Amino acid sequence: MPREIERLLDLQPGQTYADCTAGRGGHASIIGSRVQPGGTVILNDADEGNLAAASEHVRVSCPGVRVHAVHGNFAILPRTMEGSGLAADGMLADFGFSSTQIEDASRGFSFMRDGPLDMRFDTSRGIPASELVNTAPERELARWLREYGEEPAAGRIAQAIVQARRASPIQTTAQLAEVVRATVGRRPGSTVDPATKSFQALRIVVNDEIGSVEALLFQVARAARALSGKPAGGGAGGASGVGSGGLWLAKGARIAVLTFHSLEDRPVKTLFADICQQGLATDLARGGITASEEEIRANPRARSARLRAIRLNA
Ligand SMILES: C[S@@+](CC[C@H](N)C(=O)[O-])C[C@H]1O[C@@H](n2cnc3c(N)ncnc32)[C@H](O)[C@@H]1O
């Protein structure tokens, strides 16, 4: 939904745009073109390869902007920006994986392509999926599959994984997909691969996706409160002495968030509603915006996308 995002962020020449999930720079180059000349684009991604591609893309397509590339989890971006004296007028987070990650078998995200069972967005840190699958207790595996995959057969799949790894460690995407398929089989009438939910669950755990979303939202709320001069516990006045200086979001900053499943969307919806109710922000897309039929035809993944946006009041 790049046009919707562009409209909601309403960035102007000279302003600063922060893309928490730059990917290959698709959104960043469109929205970044709105801040030139004289603007700044901050690109963040946990995936070093994607970040390098995004930086190159934005530098070439938006020659009139300054580009800052920040590698790492977006949960840390706010503090990094504050340390560098950068404050965004508009921010976008477009959660999940990019098409290049799922298409690259060596990254281990896909049950359609055999490769090492890795699934890390940031391959310079963290624990690959194979290590979790081969060491986690059965009960923990079942909980992940249930909570993050919403997999009805979570218990049976966890048991099958533990049995399979006793025979030999599960090292590849094909091995794991086979264990899941052999356990649950294809659901009658369904065209969806039986391994879909299990792969989603593991990817979420490997990358602490929900924890990262919550940490980013916490930073949005912190900035919103600090800009308003309200202390954390609510009430009026700026007793904590926080002002607008040194924060990663500028006064009136617009924040757009694109989610792809309810586990991601729920905390966004809750936090946005909360800070709007406290008078710290205004909802720019009540109920969220979903993709048009035309966009879904061009990109089937857009079917489950939901775009939410707010503007900080201070
Ligand atoms: C859907 S893609 C973004 C696509 C991008 N908006 C574009 O137009 O090309 C999601 C990106 O977010 C990154 N990502 C996911 N979780 C992250 C996190 N916690 N911190 C930083 N980057 C993350 C992934 O590596 C991936 O490149």
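Residues numbered from 1 in each chain as written. Predicted model: local features only at pLDDT ≥ 70, side-chain atom pairs only at ≥ 80, totals over all residues.

Moving on, we get to the domain arrangement of the protein chain. The domain architecture assigned to the protein chain consists of domain 1 (2-99 + 209-312) and domain 2 (123-206). Here the C-alpha centroids of domain 1 and domain 2 sit 32 Å apart. (Domains from an automatic or database assignment.)

To continue, consider the site of the ligand. Around the ligand lies a shell of 20 residues, among which Thr21, Gly23, Gly26, Ala46 and Asp47 are the nearest. The set of elements that each furnish at least two residues to the shell around the ligand consists of α2 (26-32) and β2 (39-45). Within the shell around the ligand, the residues separate by chemical class into four nonpolar, 12 polar and four charged. (Near = placed C-beta within 6 Å. Helix = DSSP H or I, 4+ residues; strand = E, 2+ residues; numbered from the N terminus. Nonpolar A, V, L, I, M, F, W, Y, C, P; charged D, E, K, R; others polar.)

Turning our attention to the packing of helix α7 (residues 138-149) against helix α8 (residues 154-167). The N-to-C vectors of α7 and α8 enclose an angle of 135 degrees; their axes lie 8 Å apart at closest approach. Put simply, α7 runs oblique to α8. Like other packed secondary-structure pairs, α7 and α8 cross with a definite hand, here right-handed. Seen from α7, the contacting residues are Glu138, Leu141, Ala142, Leu145 and Arg146; seen from α8, they are Ala154, Gly155, Ile157, Ala158, Gln159, Ile161 and Val162. Here the residues of the contact of α7 with α8 sort into eight nonpolar, two polar and two charged. (Axes fitted to C-alpha atoms, helices over the stretch in contact; angles between N-to-C directions. Parallel < 35°, antiparallel > 145°, perpendicular 65-115°, else oblique. Left-handed = near helix turned anticlockwise from the far one by under 90°. Contact = placed C-beta atoms within 7 Å.)

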